[in-house]
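Chain by chain, the residues run as shown.
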Amino acid sequence: MNLVVLVKQVPETTDVRIDRKTNTLIREGVSSIVNPFDMYAVEQALQIRDEHGGRVTCISMGPPQAEAALRETLALGADEAILLSDKAFAGADTLATSYTLAEAILKLGEFDLVICGKQAIDGDTAQVGPGVAEHLDIPHVTYVSKVEEISNRHIRVRRMTEEGYDVILSSLPALITVVREIGEPRMPSIKGTLRARKAQVITWTAGDLEADELMLGLSGSPTQVARIFSPEIRPGGEIIEGDSAHEKARNLLARLKESHLL
Amino acid sequence: MNYFLTEEQEIIKELSAKIAEEKIAPRAAEFDESEEFPWNLIRILADSDLFAVWVPEEYGGLGGGVFEQCLVVEELSRACAGVAVSYAASALGGFPILMFGTGEQKQRFMPEIASGSKLAAFALTEPDAGSDAGNIRTTAIRDGDHYVLNGTKQWITNGGEADVYVVIATLDPEKGPRGMTAFIVEKGTSGFDFGKKEKKMGIRASATTELIFKDCKVPVENLLDKEGKGFLVAMRTLDKTRPGVAAQAVGIAQGALDKAAEYASTRVQFGKRIGEFQAIEHMLADMATQIEAARSLVYNVAWMIDSGERHVTKAAAMAKLFASDVAMKVTCDAVQIFGGYGYMRDYPVEKMMRDAKITQIYEGTNQIQRSIIGSAVIKEALRRK
Ligand SMILES: Cc1cc2nc3c(=O)[nH]c(=O)nc-3n(C[C@H](O)[C@H](O)[C@H](O)COP(=O)(O)OP(=O)(O)OC[C@H]3O[C@@H](n4cnc5c(N)ncnc54)[C@H](O)[C@@H]3O)c2cc1C
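Residues numbered from 1 in each chain as written. Chains lettered and ligands numbered in written order. Predicted model: local features only at pLDDT ≥ 70, side-chain atom pairs only at ≥ 80, totals over all residues. Heavy atoms only, no water.

Okay, the site of the ligand next. All names here are of chain B. What surrounds the ligand is a group of 20 residues, the closest being Thr125, Ser131, Thr157, Thr365 and Gln367. One of the backbone N or O atoms of Phe122 is found 2.8 Å from a nitrogen atom in the ligand. Here the ligand loses 64% of its free accessible area of 970 Å² to cover by the protein chains. Judged by the proximity of its atoms to the pocket grid, the ligand belongs to the second largest pocket. When contributions to the shell around the ligand are tallied by element, the ones reaching two or more residues are strand E1 (120-123), strand E3 (146-157) and helix H11 (366-384). Take the shell around the ligand: its biggest share by element is 3 residues, from E3. Here the residues of the shell around the ligand sort into 10 nonpolar, 8 polar and 2 charged. Inspection of the shell around the ligand shows a minimum of three residues originating in each of domain 2 (121-228) and domain 3 (231-383). (Near = heavy atom within 4 Å. Polar contact = N/O pair within 3.5 Å; in protein donor to acceptor, adjacent residues only side chain to side chain. Areas by Shrake-Rupley, 256 points an atom, 1.4 Å probe, with all protein chains shown as cover. 1 Å grid on protein atoms, 1.4 Å probe; cavity = no way out; pocket = protein on both sides within 12 Å on 5 of 7 lines; lining within 4 Å. Sits in = over half its atoms within 2 Å of the grid points. Helix = DSSP H or I, 4+ residues; strand = E, 2+ residues; numbered from the N terminus. Nonpolar A, V, L, I, M, F, W, Y, C, P; charged D, E, K, R; others polar. Domains from an automatic or database assignment.)

If you want it as structure tokens, here you go:
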């Protein structure tokens, strides 16, 4: 089974500062980590590989320093790591990023499953995973909390919803984005860390991808950030009490009338 | 301080610290309360190769030695000494096999000890033989291709949880140390059972139990070294592992200092952070200095042992003595800096104080360490005459 994990290096802190002039994140002086949700993705990939065999390839797009994030995944047991790094990739929004990552996956050749974290803790868009799936023209399932079963042709997963979960059967190849409920990421091992230090992280530049240059980086990014703000927290719903279904219905009716909704 | 660790040693230290911080610290109070053996944490240590650090590569280890083992124990002890000793006791059981085992015995037992898939333990102490280890009463009688063991060992760390036990018995109690003989006894051997599990003051995550031998038949292949060499096996083993107890003490003390320093820089009384009072500041200074002195001693002794130096008994005793006394003092002071909060179980330092105490007791009390050091000093003086 060929598994691809998309990994992003993000600033350590969750309380990132924003440059008010450019509306972009200030990255100076902040140490970097692997996006925590991507660690769950790596864990899921390793579990599938450990059970079914195959290879785990981690791909990251970022500056040369992002190699450190990939080495962390190698220390956990990933088989191969590819860094997409080129000035031409810089300034990419989620559209250009997902296009570039998809092109890299195509260059890789055969794959069965692409796994992403549900979102990156810096941008928080949750768009790149589904975007990659669209570019690859494969099905995707977001917010996966459990992989129930995987075979050569199908995958059955649980998708978290606010009320519970959906069980979804998808053909392969497919893309899933995973949430924390997938399970604690493993710790690296000493042997793995030593191997990772010596291992080669392959770097691909724009020239290595058979990509349309106009769709990469800033030129491929139509997104304009108008304003950044914290959304208002949705107030919790109201639970209508009552001793019986009948009484609850009556109370509800009263409330609706009170609010002039009926 | 910079101890000029190699790249591999840095990795070992960093990974141990990461596991201690992310996996052990959050659960230390829980295991202290429940006295449950922390198997899931032990599995994490195993999967991360930490049990392999001191084992030679030919047995699946990473080829390090006492020094690397000390690095791990120190970092784990900053978070929980109970977990750390469960880890360290496997080396206490493993080192004698590595040092005295035949090639076949090493092939049989070391790979699983290195992978952490099996824990080891070491059993010397008995109800009437603590410091006076030469006085053990557990007997081993040769019967064809077996030895038959009878007797009870007491306070054995990893008892019941470990699969491999190095047990010191005697062929003839009348012979004292010269009758003592070491055996490798596997869990599940008929006639080998576990007695009561102790309720302890500290290191409560660790398991301390009796080992009970009732006509327990141990195959002759499991004789470790030769008949009559058991006392030597025990003493050489303790030379190798006392720095580990010392590293445990350094880790506990460092953990307590970290907490105390953090607290002193946030707790406000009389309108000031208490760390601004000279009384507190000087306490922190002494704690930090003592810890660093202890660490330097422990590291140096560990290096010396790994370099193959033969006469290490005095140095190993010094490391264990000094570091454990420092740990007791530093953890007491940490509780003092926390004031009443320090006395409460909601805060981590009272546990550290309870944990520190054991380092002055096991693997030879500090009185015994002083006797070892003192008699070595006198012997050296006589030799100079
Ligand atoms: C939690 C725990 C875990 C342990 N784990 C193990 C283990 O895994 N394997 C194992 O074999 N043992 C283990 N032990 C046993 C431990 O090593 C002994 O408790 C220790 O050696 C002291 O023996 P004792 O307790 O019988 O004290 P005693 O020997 O009875 O000593 C009592 C007091 O007298 C002092 N004393 C005794 N003799 C002298 C002397 N000659 N000169 C001056 N003072 C003296 C001692 O210092 C002490 O203060 C463990 C003990 C504990 C508490």
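That shown, we press on.
Our next topic: the sheet that holds strand E11 (residues 165-171) of chain A. Residues and elements named next belong to chain A. Strand order in the open sheet made by the 9 strands is E11-E10-E9-E12-E8-E1-E6-E7-E13, with mixed pairing throughout. Two strands in the sheet have a free side with no partner beyond their single neighbour: E11 and strand E13 (202-204). The sheet shows a mean angle of 35° between the axes of neighbouring strands, taken without regard to direction. Two strands pair when backbone bridges link them, and strand E8 (residues 113-117) and strand E12 (residues 174-178) are joined in this way by 5 bridges, in the parallel orientation. Looking across to E12, one finds that Ile115 is bridged to Ile176. Where helix H1 (residues 36-52) meets the sheet, it contacts strand E1 (2-6), strand E6 (55-61), E8, strand E9 (140-150) and E12, and its direction lies at approximately 150° from that of E8. Against the sheet, helix H4 (residues 128-136) makes contact with E1, E8, E9 and E12, and its axis sits at roughly 180° relative to E12, the strand it touches most. (Pairing = 2+ DSSP bridges. Axes fitted to C-alpha atoms, helices over the stretch in contact; angles between N-to-C directions. Contact = heavy atoms within 4.5 Å.)

Take the environment of Pro177(B) next. Residues and elements named next belong to chain B. In this structure, Pro177 sits in the loop between strand E4 (164-170) and strand E5 (180-186). Taking the C-alpha atoms as reference points, Pro177 and Gly230, 53 residues apart in sequence, are found 7.6 Å from one another. When near neighbours in sequence (up to four residues on either side) are disregarded, Pro177 contacts Gly134, Gly228 and Phe231.

A few words on the packing of helix H1 (residues 7-24) of chain B against helix H4 (residues 66-79) of chain B. Helix-helix packing is described using two parameters, namely the angle between the two axes and the distance between the axes. All names here are of chain B. Their axes nearest at 8 Å, the elements H1 and H4 cross at an angle of 20°. By the angle between their directions, the pair H1 and H4 is classed as roughly parallel. Relative to H4, H1 is oriented so that their crossing is right-handed. Contacts from Gln9, Ile12, Lys13, Ser16, Ala17, Ala20 and Ile24 of H1 reach H4 at Phe67, Glu68, Leu71, Val72, Glu75, Leu76 and Ala79. In the contact of H1 with H4, the residues fall into 9 nonpolar, 2 polar and 3 charged. (Parallel < 35°, antiparallel > 145°, perpendicular 65-115°, else oblique. Left-handed = near helix turned anticlockwise from the far one by under 90°.)

Time to look at the confidence of the model for chain B. Low pLDDT marks regions whose predicted coordinates should not be analysed in detail. Of all residues in chain B, 100% attain a pLDDT of 70 or more, and the chain-wide mean is 97. At the level of chain-chain contacts, confidence expressed as ipTM amounts to 0.88, with global pTM at 0.89. (pLDDT = per-residue confidence, 0-100.)

We now examine the domain arrangement of chain B. Residue and element names in this part refer to chain B. When cut into domains, chain B gives domain 1 (7-118), domain 2 (121-228) and domain 3 (231-383). Placing the centre of domain 1 and that of domain 2 at their C-alpha centroids yields a distance of 22 Å. Of the residues lining the interface, 27 residues belong to domain 1; the matching set on domain 2 comes to 24 residues. Approximately 2,200 Å² of surface area, both sides summed, lies buried where domain 1 meets domain 2, with 58% of it carried by carbon and sulfur atoms. Applying the counting criterion to the domain 1 and domain 2 interface returns 4 salt bridges. Counting the contacts that link domain 1 with domain 2 gives 9 residue pairs in polar contact (both at pLDDT 80 or more). Broken down by element, the residue count for the side of domain 1 that touches domain 2 peaks at 12 residues, all from helix H5 (residues 81-100). (Buried area = accessible area lost by both parts, 1.4 Å probe. Salt bridge = Lys/Arg side-chain N within 4 Å of Asp/Glu carboxyl O.)

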